[in-house]
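# Summary of the model geometry
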Amino acid sequence: MQPIRITRCGLAGIEAVEADTAHRFGRHTHEQFGIGLIERGAQRSASGRGVVEANVGDLISVNPGEVHDGAPLGHGGRAWRMLYFEPSLIAEAAKGLDVAGEAGYEFTHPVIHDTRLAEDFRALYPALTATPDSDGDALHTEELLLMLLRRLTERRIREPAAIPGAIALVREMIDDDPAAPQTLATLADAAGLSRFQLLRGFKRGTGLTPHAYLMQRRLHLARRLLTCGLSAAETAATSGFCDQSHLTRHFLRSFGLAPGAYAQACAARRRRGAIPYKTS
């Protein structure tokens, strides 16, 4: 078995990942919400709420853009299963709840000790990754998904903290064209700040320095390009990396697998297809 494996998921907008590894993940972010279950071992990780530890049976969560890492506790690594959801699915599940919707949502607990939610996840994961034999199976899967998301969002979401306007402007400049070369002086000038003020404010607001944030945005662009079928070499050139080895080094550190392996998994997933998940 590969240490990290992307598994076919029966509903579009959801990515399933299985891991059994001692890999130490560097600080990185995801564009999706993530919900997972520790199945063996334990890990310590940084999160938007500080350093946390998760053990067997614990659920773990991550928000889009939340800076986190991960290292095993003890010997032998750890194993988990993870589901990554497009933000629109979480937003739909949160509709009608007593939270504001303008700024989006975020999970407040990086580690969740909840036996019932863990059982919900154990039921949902195999249903999502199995090949449906009938329309009834697809209906059952959607019901399990909605129940899990409802229970999570009802109890464990809040509005994300606001980021100061000058810092948000710089973040938007990077988001608009991650492959473009940037300098601290140029970004600081656009924000009307000194370089030190920008560096300090950006890290406080996003959890990353401008350069580290830029590299994460390039990695997310690279993932999208690989998903669309571009080669690793083409992806590296298009997403702003010096060369393929530069992309590979950062990709491995953040995601635990090489760009080529990720591209192969995406190609296999495209061949099998997925059922569109309608949120309305």
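Residues numbered from 1 in each chain as written. Predicted model: local features only at pLDDT ≥ 70, side-chain atom pairs only at ≥ 80, totals over all residues. Heavy atoms only, no water.

### Notes on the overall build of the protein chain
Cut-off, in case you're wondering: For the purposes of this entry, the term helix denotes a DSSP run of H or I that reaches at least four residues, the term strand denotes a run of E that reaches at least two, and both are numbered from the N terminus. Exposure classes here rest on a 1.4 Å probe applied to the protein chains alone. A residue is buried below 20% of its type maximum, exposed above 50%, and partly exposed in between. A contact between two residues is defined here by any heavy atoms of the two lying within 4.5 Å.
When you go through the protein chain residue by residue, the secondary structure sums to 10 helices and 12 strands. Buried positions account for 47% of the 280 residues belonging to the protein chain. Excluding contacts between residues fewer than 6 apart, the proportion of contacts in the protein chain whose partners are at least 24 apart in sequence is 73%.

### Overview of the environment of A42
Within the secondary structure, A42 sits in the loop between β4 (33-40) and β5 (43-47). The exposure class assigned to A42 is buried, which follows from its relative accessible area of 8%. Sequence-wise, A42 and G76 are 34 residues apart; in three dimensions their C-alpha atoms are separated by 9.6 Å. In contact with A42, not counting residues within four places along its chain, are A54, N55, A71, P72, L73, G77 and R78.

### Comments concerning the packing of helix α4 (residues 165-176) against helix α6 (residues 195-206)
Stated formally: Only the stretch in contact is used when a helix axis is fitted, and all axes are lines through C-alpha atoms; the angle between N-to-C directions ranges over 0 to 180 degrees. Should an angle fall under 35 degrees it is called roughly parallel, over 145 degrees roughly antiparallel, and 65 to 115 degrees roughly perpendicular, with every other angle called oblique. Amino acids outside the nonpolar list (Ala, Val, Leu, Ile, Met, Phe, Trp, Tyr, Cys, Pro) and the charged list (Asp, Glu, Lys, Arg) are all regarded as polar, and Gly is one of them.
It is the contact of α4 with α6, at a shortest axis distance of 10 Å, that shows an interaxial angle of 80 degrees. Classified by the angle between their axes, α4 and α6 sit roughly perpendicular to one another. Every residue of α6 that contacts α4 at I167, V170, R171 and I174 is listed here: L198, G201, F202 and T206. Split into classes, the residues belonging to the contact of α4 with α6 amount to 5 nonpolar, 2 polar and 1 charged.

### Brief notes about the sheet that holds strand β11 (residues 111-112)
Rules: For two strands to count as paired, DSSP must find a minimum of two bridges between them.
Overall, antiparallel pairing links the 6 strands, which are arranged β1-β2-β9-β4-β7-β11 in an open sheet. The open sheet has two edge strands with one neighbour each: β1 (4-7) and β11. Of the strand pairs in this sheet, β4 and strand β7 (residues 59-62) are connected by 4 bridges, and their pairing is antiparallel. Within the sheet, the bridge partner assigned to L37 lies in β7 and is L59. Its contacts with the sheet place helix α2 (residues 115-129) against β1, β2 (14-21), β4, β7, β9 (78-85) and β11, and it is angled at close to 75 degrees to β9.

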